[in-house]
Amino acid sequence: MSISSVQPDPAMIGGIPKAPFVLMHNPTRLFRDRAARLKVLAESSRLAPYLRFLADIAAIQDDLLSSLPPLEPISGEQRERARDNAMPPIDRSTMGASADCRDTVRQFLARAEQLEMPKAAVEALAQIIATDNETLGWMIDNISADNLPAESLAHHLFVAAAVQIHAVRLAAGLDPGHLVPVSIGVCPACGGKPVASLVVGFHGAEGTRYAVCACCSTKWNEVRVKCLSCGSTKGIGYRAVETGDEEATVKAEVCDSCHGWTKIMYQNRNPALDAVADDVGSLGLDALMKDTGYKRAGFNPFLVGY
């Protein structure tokens, strides 16, 4: 009887494999999975009506995304220029003037008319549908700047959902291996803010943290125990709804340097977590943080005003 030797995997020589900097979403499943997660969260939440409404929004996003014609890809020249200058290749400042983006918004709004929603939302939707392209472009620009006017949050919610479709489609055409870090807490694909960060548990990236873009859903690696707002690694702490609950799947990561906070979600404990859906589903954490003196740094167009 002979003993065979096991040869080392050349890919593993030199240590543990490095986790990828960027993880791209699967556009064919992104909104479908989000809709399913929102429905699950609605089953045991006081926010059930709103979560079900957002689930219906996500279902429209999924349906529309699969029916739209292909987008013109971002030019190689623009991608190279962005990479050379550590900038995101998607220029969100041009979305308001983009005919493709406005057409996506118009189609989304038409489909949203079928939704069951409060009278105020019905009226807001009707007003957006009737608006001209100049005003619609202004609203898209507001969303691209992560700056939603308090007096028209309901209007912007519908447009934001449609802009997400457009941004997701643009990001899907990028090579994740070609993207480079832009700045702390800035999406390397579109320059957007993170809605939250996820600690993942898949092979090769166990325990790695990825920030999730609120606009295009691109995930990018950020160092653990670091503020996504100012980049400080000092004075970082964690809060949960249940005090001392080390096993909480959603926590607030607080920073004593800038007094900002962002949600961190432990997908390695619950693979079903979706950054956008669970951000809304964990509104109790926002309520807990409201009077602490820390300012929310994460952005979610579906939570603005709460």
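Position labels on residues start from 1 in each chain and follow its written sequence. Owing to the predicted nature of the model, reporting of local features is limited to residues with pLDDT of at least 70; listing and counting of side-chain atom pairs is limited to 80 or more, with chain, interface and lining totals taken over all residues. The side-chain values count all of the structure's non-hydrogen atoms but skip hydrogen atoms and water molecules.

Quick word on the packing of helix H4 (residues 99-112) against helix H5 (residues 119-130)
Stage number 1. Each axis is a line fitted through C-alpha atoms, taken for helices only over the stretch in contact, and angles between the N-to-C directions span 0 to 180 degrees. Each helix is a run of H or I in the DSSP string that is no shorter than four residues. Each strand is a run of E no shorter than two, and both are numbered from the N terminus. Where H4 contacts H5, the two axes come as close as 10 Å, and the packing angle between them is 145°. Between H4 and H5 lies a crossing of left-handed hand. Of the residues in H5, those touching H4 at Arg106, Leu109 and Ala112 are Leu125, Ile128 and Ile129.
Stage number 2. The classification used treats Ala, Val, Leu, Ile, Met, Phe, Trp, Tyr, Cys and Pro as nonpolar, Asp, Glu, Lys and Arg as charged, and all other residues, Gly among them, as polar. When grouped by side-chain class, the residues that make up the contact of H4 with H5 number 5 nonpolar, no polar and 1 charged. By definition, any crossing whose near helix is turned counterclockwise from its far helix by less than a right angle is left-handed, and any crossing with a clockwise turn is right-handed. Only heavy atoms enter the contact rule, under which two residues are in contact if any of them lie within 4.5 Å.

Some points on the packing of aromatic side chains
Stage number 1. When the centres of two rings from Phe, Tyr and Trp lie within 6.5 Å, Trp using its six-membered ring, the rings pair. Their planes under 30 degrees apart give stacked, over 60 give edge-to-face, and anything left gives tilted. Taken as a whole and assessed by the stated rule, the structure comprises 2 aromatic pairs.
Stage number 2. Taken together, the ring pairs connect Tyr50, Phe53 and Phe158 into an aromatic cluster.
Stage number 3. Across from the ring centre of Tyr266, 4.3 Å away, lies the NZ or CZ of Arg269, which sits over that ring. Charges are assigned to positions over rings by a cutoff of 6 Å between ring centre and Lys NZ or Arg CZ, combined with an angular limit of 35 degrees from the ring normal.

Observations regarding the pattern of salt bridges
Side chains that differ in charge, positive against negative, can pair when their charged atoms come close.
Stage number 1. We define a salt bridge as a side-chain nitrogen of Lys or Arg found within 4 Å of a carboxyl oxygen belonging to Asp or Glu. Tallied over the full model, the rule gives 14 salt bridges.
Stage number 2. For Lys226, the salt bridge is made with Glu222, and the minimal N-O distance between the two is 3.2 Å. Grouping residues by exposure puts Lys226 and Glu222 together as buried.
Stage number 3. One salt bridge connects Arg296 with Asp286, and the closest N-O pair in it is separated by 2.8 Å. In this pair, Arg296 sits in strand S8 (residues 295-296) while Asp286 sits in helix H9 (residues 283-289), placing the two residues 10 residues apart along the sequence.
Stage number 4. Per-residue accessibility, obtained with a 1.4 Å probe over protein chains only, is compared with the maximum for each type, and a residue is labelled buried under 20%, exposed over 50%, and partly exposed between these values. The exposure class assigned to Arg296 is partly exposed, which follows from its relative accessible area of 26%.
Stage number 5. It is possible to trace a salt-bridge network through shared partners that takes in Lys263, Asp279, Asp286 and Arg296.

Describing the side chain of Thr131
Stage number 1. One can find Thr131 in the loop between H5 and helix H6 (133-144).
Stage number 2. The contact partners of Thr131, leaving out residues within four places of it in the chain, are Arg106 and Leu136.

Function cannot be read off these values alone, since they describe shape.
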